[in-house]
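Structure at a glance
Chain by chain, the residues:
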Amino acid sequence: MSSAENDVAGPDQLDPAVHPARDAVHFRRILAAQQGIADAEQELRDAVKAARDACDSWAVIASALHTTRQAVQERFGGN
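Residues numbered from 1 in each chain as written. Predicted model: local features only at pLDDT ≥ 70, side-chain atom pairs only at ≥ 80, totals over all residues. Heavy atoms only, no water.

1. Notes on the confidence of the model for the chain
Note the following rule: Each residue carries a pLDDT score, the predictor's own confidence in it, on a scale running from 0 to 100. A run of H or I in DSSP counts as a helix once it spans at least four residues, and a run of E counts as a strand once it spans at least two, with each numbered from the N terminus.
Here the chain averages 86 in pLDDT, while 78% of its residues score no lower than 70. Helix H1 (residues 3-6) is the least confidently modelled element of the chain, averaging 55 in pLDDT, while helix H3 (residues 58-64) averages 97, the highest of any element.

Here it is as structure tokens:
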């Protein structure tokens, strides 16, 4: 296990003697932002699938994402 993995702790693992109690507004904001990213990634996958189901080309999807056809095919599993 790397040192970065050893540093990972859930809120229930934090020692109050080392991490004094504070307003958790920033912690909640980070969690909300992380969930927003996950939601946006899922929406993007769904949108790409819908575009492919509608017979849009990988080139058109790549253009919308400002990347290459090959990159979107690799990322979204194009065959």
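2. Some details on the pattern of salt bridges
For side chains bearing opposite charge, pairing can occur when the charged atoms are close. Applied cut-off: Salt bridge, as used here: a side-chain nitrogen of Lys or Arg that lies within 4 Å of a carboxyl oxygen of Asp or Glu. Buried, partly exposed and exposed residues are distinguished by accessible area as a fraction of the type maximum, computed with a 1.4 Å probe on protein chains only: under 20%, between the cut-offs, and over 50%, respectively.
Using the criterion set out here, one finds 2 salt bridges in the structure. Between Glu41 and Arg75 there is a salt bridge, with the nearest N and O atoms lying 2.6 Å from each other. Of the two residues, Glu41 sits in helix H2 (residues 25-53) while Arg75 sits in helix H4 (residues 69-76), which places them 34 residues apart along the sequence. Relative accessible area serves as the criterion here: at 48%, Arg75 is assigned to the partly exposed category.

3. A few points about the environment of Val48
We count it as follows: Here, two residues are considered to be in contact whenever any of their heavy atoms come within 4.5 Å of each other.
Assignment of secondary structure puts Val48 in helix H2. On a C-alpha basis, the gap between Val48 and Val72 in space is 9.1 Å, while along the polypeptide they are 24 residues apart. The residues contacting Val48, other than those within four sequence positions of it, are Trp58, Ile61 and Phe76.

4. What to know about the nonpolar core
As a rule of thumb, nonpolar side chains are buried together in soluble globular proteins. Spelled out, the test is: Side-chain atoms within 4.5 Å link the members of a nonpolar core, which is a set of buried Ala, Val, Leu, Ile, Met, Phe, Trp, Tyr and Cys residues.
Counting residues in hydrophobic clusters, the biggest one holds 7 residues: Val48, Ala51, Trp58, Ile61, Ala62, Val72 and Phe76. Looking at this core, the elements that each hand over two or more residues are H2, H3 and H4. Looking at this core element by element, the count peaks at 3 residues for H3. Those residues in contact with Phe76 that sit more than four places away from it in its chain are Leu44, Arg45, Val48, Trp58 and Leu65.

5. As for H4
Turn by turn, an α-helix covers 3.6 residues, leaving residues three or four places apart pointing in a common direction. For the record, the criterion: By arc we mean the arc of the directions from the helix axis to the C-beta atoms, nothing more.
Here H4 has its buried residues at Val72, Gln73 and Phe76. Mapping the buried residues of H4 onto a view down its axis gives an arc of 100°, with all of them on the same face. Opposite the buried face of H4, by more than 90 degrees, sit the exposed residues Gln70 and Glu74. Next to the buried residues of H4 lie H2 and H3.

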